[in-house]
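# Architecture at a glance
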Amino acid sequence: MGDQTSITGNKTAFTVPFDPSSTKFPSRKDVPRREDGPEENAWVWGKDDFIGRLNLLTPSRVIAASKEIKSGEIVPLNLPLNVPAVPAFAREVFEHEIKPVTDMDIVYDDKYKLNTQSGTQWDGFRHFAHIPTRTFYNGIKGKDIYGPEADPQKCGIHHWAEHGIVGRGVLIDYWGYAKEKGIVYDPYEHHAISYSELYACGKAQGIDIRPLSQGGDIQVGDLLFIRSGFISTYSTKTPDERAAGALRPHLPGPDDMQRWAGIKQEDAMIDWLHDCYFSAVAGDSPSFEAWPTEQSYYLHEYILALWGMPLGELFDLEKLARTCREKGRWTFFVTSAPVNCEGGVASHGNALAVF
């Protein structure tokens with residue numbers, strides 16, 4: 001699947017701020033910590049950084065990713081804006097209104113009203129804090145996001161828009177693998193997918209999901225996509241069944257009745273997500289991680305607040321999985337344009353895969 005060191009040189013990141021063009025980065029246990037941050041913070045891109053691991057999408061990595069374009073097929077990764085029709089976690093329903101500009105039936109506008117978390121989305125760094133310290137990525141606090149002291153420059157989603165998201169995508173089709181292996185679970189219920197299960201799935205696809213530095217196929221800056229079956233299952237349910245799942249009470253902690261399949265909260269998963277140095281991760285479920293957590297933490301805390309890694313949810317991976325399977329390849333070119341909203345918390349996915 002290629003040797004990235006031949007593209008970007010051979011350089012190891014030792015000191016903060018890290019040079020994003022480096023090809024070797026420290027493991028989770030060896031990352032230098034900022035003394036003014038929570039334990040296990042990996043705020044390694046500088047005190048004024050607001051794009052986190054998107055720094056890894058350097059020009060040389062984008063050029064390398066472009067070599068994934070071979071046949072030119074385009075696969076959109078976005079659900080319609082009104083899907084799910086009833087969003088999970090008590091979020092607002094999408095509203096669309098056509099507005100006549102004149103009374104002559106010749107010009108029209110339209111208006112959208114939506115919660116950016118209601119459908120295909122990138123969670124920005126203002127979305128989820130490290131809960132014990134109430135600290136967001138790179139040391140910002142709630143007062144920096146909302147209220148009289150708010151500063152839209154601190155981790156606003158517009159910083160992502162100004163950089164862009166372009167790189168090599170990797171799909172782990174766990175839902176397809178589970179079907180083949182007779183592993184039965186309901187994506188509308190809590191089901192934790194372990195690292196060992198993802199590794200076995202990758203092996204069945206012909207991918208070693210370990211990082212390149214450990215002899216695997218994952219390259220620094222790759223965008224990870226995990227299909228856990230939510231969209232596939234959503235399409236089989238009636239509107240009433242979909243609404244019933246989405247409207248389950250959202251409560252804090254382990255008693256939350258919002259229940260979704262996703263990746264497992266465990267050290268092996270945390271190490272893998274960190275040490276691969278993905279530029280971003282995304283899935284097809286409403287929560288990416290198994291929900292609710294059965295641990296004292298959420299993976300959202302690590303991914304967003306402690307590491308600064310974009311986290312996508314409700315991506316439409318159905319056509320992507322079919323295309324990967326038909327072509328016998330699980331890597332592809334990806335482009336995503338986050339919305340340019342100053343001080344925004346999150347963004348639509350606006351993502352495409354190209355083969």
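Here's what I pulled together on the structure shown here.

## A word on unusual backbone geometry
Between Val-83 and the following residue, Pro-84, the backbone shows a cis peptide bond with an omega angle of -5 degrees. Looking at the element boundaries, Pro-84 is found in the loop between strand S1 (74-76) and strand S2 (95-100). The amide bond that connects Trp-291 to the next residue, Pro-292, takes the cis arrangement and shows omega of 0 degrees. Considering the arrangement of structural elements, one finds Pro-292 in the loop between strand S9 (280-283) and helix H10 (299-306). Notably, Glu-40 is not glycine yet its phi reads approximately 75 degrees, a positive angle. Secondary-structure assignment places Glu-40 in the loop between helix H1 (5-8) and helix H2 (59-66). The phi dihedral of Arg-134 falls on the positive side, at around 50 degrees, and the residue is not glycine.

## Regarding the pattern of salt bridges
Taken as a whole and assessed by the stated rule, the structure comprises 20 salt bridges. In this structure, Lys-143 engages Asp-144 in a salt bridge whose closest nitrogen and oxygen atoms are separated by 3.6 Å. The salt bridge partner of Asp-208 is Arg-210, with a shortest N-O separation of 2.8 Å. The structure contains a network of salt bridges with shared partners spanning Asp-173, Glu-180, Arg-227, Glu-318 and Arg-325.

## Quick word on the packing of aromatic side chains
Summed over all chains, the structure comprises 26 aromatic pairs. Summarising the aromatic geometry, the rings of Phe-89 and Trp-291 are spaced 5.3 Å apart at their centres and angled 80 degrees between planes, so their arrangement reads as edge-to-face. Placement of the pair is Phe-89 in the loop between S1 and S2 and Trp-291 in the loop between S9 and H10, with a sequence separation of 202 residues. Centroid distance Tyr-195 to Tyr-199: 6.2 Å. Interplanar angle 50 degrees. Geometry classified as tilted. You can see Tyr-195 and its partner Tyr-199 sitting in helix H6 (residues 195-205), four residues apart, about one turn around the helix. On the basis of relative accessible area, Tyr-195 is assigned to the buried category, the value being 17%. The exposure class of Tyr-199 is partly exposed, given its relative accessible area of 29%. Taken together, the ring pairs connect Trp-122, Phe-225, Phe-315, Phe-332 and Phe-355 into an aromatic cluster. A cation over a ring is seen here: Arg-53 above Tyr-277, with NZ or CZ 4.3 Å from the ring centre. Directly above the aromatic system of Tyr-234 lies the positively charged group of Arg-242, at a separation of 4.1 Å from the ring centroid.

## Notes on the sheet that holds strand S11 (residues 331-336)
One open sheet accounts for nine strands, arranged S1-S13-S11-S5-S7-S9-S10-S4-S12; its pairing is mixed. Among the strands making up the open sheet, the edge pair consists of S1 and strand S12 (346-348). Neighbouring strand axes in the sheet, compared pairwise and without regard to direction, differ in orientation by 25 degrees on average. Its contacts with the sheet put helix H11 (residues 318-327) on S1, strand S5 (165-173), strand S7 (223-227), S11 and strand S13 (351-354), and the angle it makes with S5 is roughly 75 degrees.

## A few points about H11
Counting along an α-helix, one turn takes 3.6 residues, and residues three or four places apart therefore face a common direction. Within H11, burial applies to Glu-318, Leu-320, Ala-321, Thr-323 and Cys-324. Residues of H11 that are buried sit in contact with S1, S5, S7, helix H7 (230-234), S11 and S13. Remark: Gly-328 follows H11 within two positions and exhibits a positive phi of approximately 65 degrees.

## A few points about a nonpolar patch on the surface
The grouping of Val-101, Met-104, Ile-106 and Val-107 at the surface amounts to a nonpolar patch, some 380 Å² of accessible area in total. For Ile-106, the position within the fold is in the loop between S2 and strand S3 (108-113). Exposure remark for Ile-106: the relative accessible area of 58% places this residue in the exposed category.

## Digging into the pairing of S7
With respect to burial, S7 is a largely interior element, five of its five residues being buried. Neither face of S7 is open: one carries Leu-223, Phe-225 and Arg-227, the other Leu-224 and Ile-226, and all of them are buried. As defined by bridge partners, S5 adjoins S7 across five bridges and the pair is classed as parallel. Its bridge partner being in S7, Val-170 is matched across the sheet by Leu-224. With four bridges joining them, S7 and S9 adopt parallel strand pairing. Opposite Phe-225, over in S9, you have Ala-282 as the bridge partner.

## Considerations on the environment of Phe-315
Positionally, Phe-315 belongs in the loop between strand S10 (311-313) and H11. A sequence separation of 165 residues divides Phe-315 from Ala-150, and the C-alpha atoms of the two residues are 30 Å apart. The contact partners of Phe-315, leaving out residues within four places of it in the chain, are Leu-77, Thr-120, Gln-121, Trp-122, Phe-225, Ile-231, Ala-282, Gly-283, Asp-284, Gly-349 and Ala-351.

Basis of the calculations
Along each chain, numbering runs from 1 in the same order as the chain's sequence is written. Local features are withheld for residues below a pLDDT of 70 in this predicted model, meaning they are given only at 70 or higher, and side-chain atom pairs are given and counted only at 80 or more; totals for whole chains, interfaces and linings count all residues. Note: side-chain values were computed over all heavy atoms of the structure, leaving out hydrogens and water. The numbering of helices and of strands both runs from the N terminus, where a helix is a DSSP run of H or I of at least 4 residues and a strand a run of E of at least 2. The term salt bridge refers to a side-chain nitrogen of Lys or Arg lying within 4 Å of a carboxyl oxygen of Asp or Glu. Each pair of aromatic rings taken from Phe, Tyr and Trp, with Trp reduced to its six-membered ring, is defined by centres within 6.5 Å and is described as stacked if the planes are under 30 degrees apart, edge-to-face if over 60, and tilted in the remaining cases. Accessibility here uses a 1.4 Å probe with only protein chains present; expressed as a share of the type maximum, an area under 20% marks a residue as buried, one over 50% as exposed, and anything in between as partly exposed. The rule for a charge over a ring is simple: NZ of Lys or CZ of Arg within 6 Å of the ring centre, and within 35 degrees of the ring normal. Only when DSSP finds a minimum of two bridges between them are two strands counted as paired. In this description, a line fitted to the C-alpha atoms serves as the axis of each element, helices being fitted only across the stretch in contact, and the angle between N-to-C directions of two axes falls anywhere from 0 to 180 degrees. Contact definition: two residues touch when any of their heavy atoms are within 4.5 Å. Each patch is built from salt-bridge-free residues with over 30% relative accessible area, joining like charges within 9 Å and nonpolar side chains (Val, Leu, Ile, Met, Phe, Trp, Tyr) within 5 Å. In short, Shrake-Rupley with a 1.4 Å probe defines the accessible areas, and a residue's cover is counted only from the protein chains shown.

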